[in-house]
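One-letter residues, chain by chain:
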Protein chains: 2
Amino acid sequence: MPIASEAATSLAAASLPELLVQTQTRFTPLLQDFLARHQGHDERLNAAIDYAMANGGKRVRPALAWGACLSVGGSWQAAESAALSVECIHGYSLVHDDLPCMDDDNLRRGQPTCHRQFDEATALLAGDALQALAFCALSDGLVDAPNADAARVSSSAHALIAAEQTRALAQAARDMVYGQRLDLAAEGQSITVDALSQIHRYKTGALIRAAVRLGALAGNASEAQLAALDHYADALGLAFQVHDDVLDVIGDTATLGKQSGADAAHAKATYPALLGLGAAQALARQLTDDALAALAPLGEPAEPLRTLANYLLARDH
Amino acid sequence: MPIASEAATSLAAASLPELLVQTQTRFTPLLQDFLARHQGHDERLNAAIDYAMANGGKRVRPALAWGACLSVGGSWQAAESAALSVECIHGYSLVHDDLPCMDDDNLRRGQPTCHRQFDEATALLAGDALQALAFCALSDGLVDAPNADAARVSSSAHALIAAEQTRALAQAARDMVYGQRLDLAAEGQSITVDALSQIHRYKTGALIRAAVRLGALAGNASEAQLAALDHYADALGLAFQVHDDVLDVIGDTATLGKQSGADAAHAKATYPALLGLGAAQALARQLTDDALAALAPLGEPAEPLRTLANYLLARDH
């Protein structure tokens, strides 16, 4: 029944915020062009990198980069390298987190994880390459001929932005690793809500903040705008994680694309386990309200970021 | 017998080129300060990162960065971030290359490898963090307060250099991963000398070229100087690898700090195996001569790079 199925797809798409729809439309060709330009002399590694990045999820981080850039008056094009770079870091972190010596997961968004689809060495290298590619993305936009490795950077203004972006992304990439290590160390331990929030601020929050900051920098944000957007990103990142924990309790495996109840099975601390389900849901709502309040100074151009925050809290996968 | 032992140490130090002596003296406190500034909230990961970077080797890549900067009239200080960043990438690549799913090595420079000293997850994360820290290093130098994550970059001229350096380092980091994958894929295969050289150009040559390029950029090198230094680095990188293969055949385990004959045991293609020992030694000499010839336009300030090239070919470990 192709017609019914198309209608269902349109309906699902219509419920997505415009920012996510536009992001997904724009991001796919951008990513394909970028990955093709950076392919190396090994087909298996090229394929593993493509695989890791194609199993795409919602592209929340590129959407945040673009939304932040638009919210300060920047263009879609200005934040392309920001969108690519944060998604490459996200992709690398998922591939490494899934490895046998880490979370040892077989499924990611309903597909075999990278090391299951290929092999452990290839997955490790694909992750390593993706971290490097994130920083390639930030500097590709600076040269007229991104295919030429030795092409020179000519615009100081763009270089200044890229240097700030590199700094923010490198710090986030560093912090994420500490978050993953804290998360592993906390398995089976009894920890406080504050300790859990610290883990998440590092493990997932750092990159969400970087996505927003890189986009804002691309749009030439003022200091006040950067501060407001950072507050937004910090609250949103935590809200996102609290809601993720809630979904792990109330969601079902088919919708999530991963095993529901996986956190409990791994003896991982979660907000519902520490606070109770109702209080965890209320916390996610309160953090989302904080995020929305932070955007007040940005006015109408921040509307896509508001819609995105509300959508992320209402999502069921 | 402390006096005899000190005398022996001095003698060994005296035989080192001045560039390596100065590099080792300058690099250690620089690295310690850098790592201390970037420590995160997990002692075990901090310790693993320190361990990976402390087991130092000769610091050839920082020496190349500094030598290149000096060769174009730049200062030691200008290339500090270049020296740090290339050594962080080198350190990360060794930790990941030693992992069980890769080369599965127990010893590195006579010490337990990082995953043997700690554990596999911690070693994987230490490597991941070191790749991020390499890019932190390139942007730390741009701000007045490197301890403050959100400190702003103010100098466009320095940002332009950092953006070029980021681009060169990210490309090298990407290429190295392909080199490691090609190397793994070639194990037990019969390959040509050209294919072997391609592996090495990616696996080790890319970072040696980046070290020289980052240093030259730090010293505001002209296009002609960049081209000459790139030629030097390309030839030197290959010479270094050919000589390494030769040492694996003729060296002994105690001097090398790793198992001699390890390449043959892993069924890895080597220059001596493909060309014969004498021809491999001659190739290393010829490549070193190429590297020296490339430096001619740079005159006297390139003398430290010449001495280094000759030293690397004469080394027995």
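One structure accompanies this document, and this report is about it. No experiment lies behind these values; they were computed from the predicted model shown.

1. Looking at the overall build of chain A
- Summing up its helical and strand segments, chain A has 15 helices and two strands in all.
- When contacts within chain A are restricted to residue pairs at least 6 apart in sequence, those whose partners lie at least 24 apart make up 74%.

2. Notes on the interface of chain A and chain B
- Facing 64 residues of chain A, the contacting portion of chain B comprises 64 residues.
- Both sides of the chain A and chain B interface together cover about 5,400 Å² of buried area, and 58% of this is carbon and sulfur.
- Area buried by chain A at its contact with chain B is led by R152, R167 and Y178 of chain A, which between them contribute 15% of it.
- In this structure, the salt-bridge partner of E223 of chain A is R152 of chain B, at a minimum N-O distance of 2.2 Å.
- Our count for the contact surface shared by chain A and chain B stands at 24 residue pairs in polar contact (both at pLDDT 80 or more).
- Counting only elements with at least two residues in the side of chain A that touches chain B, the list comes to α3 (43-54), α5 (80-98), α7 (120-140), α8 (156-186), α9 (193-218) and α10 (223-250) of chain A.

3. A look at the environment of R315 of chain A
Residues and elements named next belong to chain A.
- Turning to its location among the elements, R315 is positioned in the segment after α15 (303-314).
- Considering only alpha carbons, one finds R315 and D244, 71 residues apart in sequence, at a separation of 9.4 Å.
- Look past the residues within four positions of R315 in its chain and what remains in contact with it is K58, F240, H243, D244 and L247.

4. Comments concerning the pattern of salt bridges
- In total, this model carries 30 salt bridges over all chains according to the counting rule given.
- Beyond isolated ion pairs, a larger network of salt bridges with shared partners links D33, R37 and D140 of chain A together with R167 of chain B.

5. Regarding the packing of α8 of chain A against α9 of chain A
Residue and element names in this part refer to chain A.
- Where α8 contacts α9, the two axes come as close as 7 Å, and the packing angle between them is 165°. Viewed along their axes, α8 and α9 adopt a mutual orientation that is roughly antiparallel. Note on packing geometry: the crossing formed by α8 with α9 is left-handed.
- Tallied by class, the residues present in the contact of α8 with α9 amount to 16 nonpolar, four polar and five charged.

6. Some remarks on the nonpolar core
- Counting residues in each nonpolar core, the largest one holds 180 residues, and the members touching the most others are L64 and Y232 of chain A together with L64 and Y232 of chain B.
- Those residues within four positions of L64 of chain B in sequence are excluded, and the remaining contacts are I208, A211, V212, Y232, L236, L305 and L308 of chain B.

7. A closer look at the relation of the copies chain A and chain B
- Overlaying chain A on chain B yields an RMSD of 0.0 Å, the required transformation being a rotation through 180° with an accompanying axial translation of 0.0 Å. What we have between these two chains is a two-fold relation.
- Mapped onto chain B, 100% of the interface residues of chain A again fall at the interface, so both copies present the same surface.

8. Brief notes about unusual backbone geometry
All names here are of chain A.
- With a phi angle near 60°, R59 is a residue other than glycine that sits in the positive phi range.
- Within the element layout of this structure, R59 appears in the loop between α3 and α4 (60-71).
- In this structure, N220 is a non-glycine residue whose phi angle is positive, near 55°.
- Here N220 shows up in the loop between α9 and α10.

9. Observations regarding the packing of aromatic side chains
All names here are of chain A.
- Within the structure shown, the criterion is met by seven aromatic pairs over all chains.
- Summarising the aromatic geometry, the rings of Y51 and F118 are spaced 5.6 Å apart at their centres and angled 75° between planes, so their arrangement reads as edge-to-face. Pair noted here: Y51 is in helix α3 and F118 is in the loop between α6 (114-117) and α7, with a separation of 67 residues, a long-range link.
- For F118, a relative accessible area of 18% translates into the label buried.
- Taken together, the aromatic side chains of F27, W66 and W76 make up a single cluster linked through ring pairs.
- Across from the ring centre of W76, 4.2 Å away, lies the NZ or CZ of R26, which sits over that ring.

10. Considerations on α7 of chain A
Residues and elements named next belong to chain A.
- Between its first and last C-alpha, α7 extends 29 Å over 21 residues, near the 30 Å set by a 1.5 Å rise per residue.
- Taking burial as the measure, the 21 residues of α7 include 20 buried ones, the bulk of the element.
- Measuring from the side-chain oxygen of the N-cap residue of α7 to the backbone nitrogen of A121 gives 3.2 Å; that N-cap residue is D119.

Conventions we followed
Residues numbered from 1 in each chain as written. Chains lettered and ligands numbered in written order. Predicted model: local features only at pLDDT ≥ 70, side-chain atom pairs only at ≥ 80, totals over all residues. Heavy atoms only, no water. Helix = DSSP H or I, 4+ residues; strand = E, 2+ residues; numbered from the N terminus. Contact = heavy atoms within 4.5 Å. Buried area = accessible area lost by both parts, 1.4 Å probe. Salt bridge = Lys/Arg side-chain N within 4 Å of Asp/Glu carboxyl O. Polar contact = N/O pair within 3.5 Å; in protein donor to acceptor, adjacent residues only side chain to side chain. Axes fitted to C-alpha atoms, helices over the stretch in contact; angles between N-to-C directions. Parallel < 35°, antiparallel > 145°, perpendicular 65-115°, else oblique. Left-handed = near helix turned anticlockwise from the far one by under 90°. Nonpolar A, V, L, I, M, F, W, Y, C, P; charged D, E, K, R; others polar. Core = buried A, V, L, I, M, F, W, Y, C linked by side-chain atoms within 4.5 Å. Buried < 20%, exposed > 50% of the residue type's maximum accessible area, 1.4 Å probe, protein only. Least-squares fit on C-alpha atoms with pLDDT ≥ 70 in both. Phe/Tyr/Trp six-rings, centres within 6.5 Å; stacked < 30°, edge-to-face > 60°. Lys NZ or Arg CZ within 6 Å of the ring centre and 35° of its normal. Expected span 1.5 Å × (residues − 1).

Remember that the coordinates give geometry; whether it matters functionally is a separate question.
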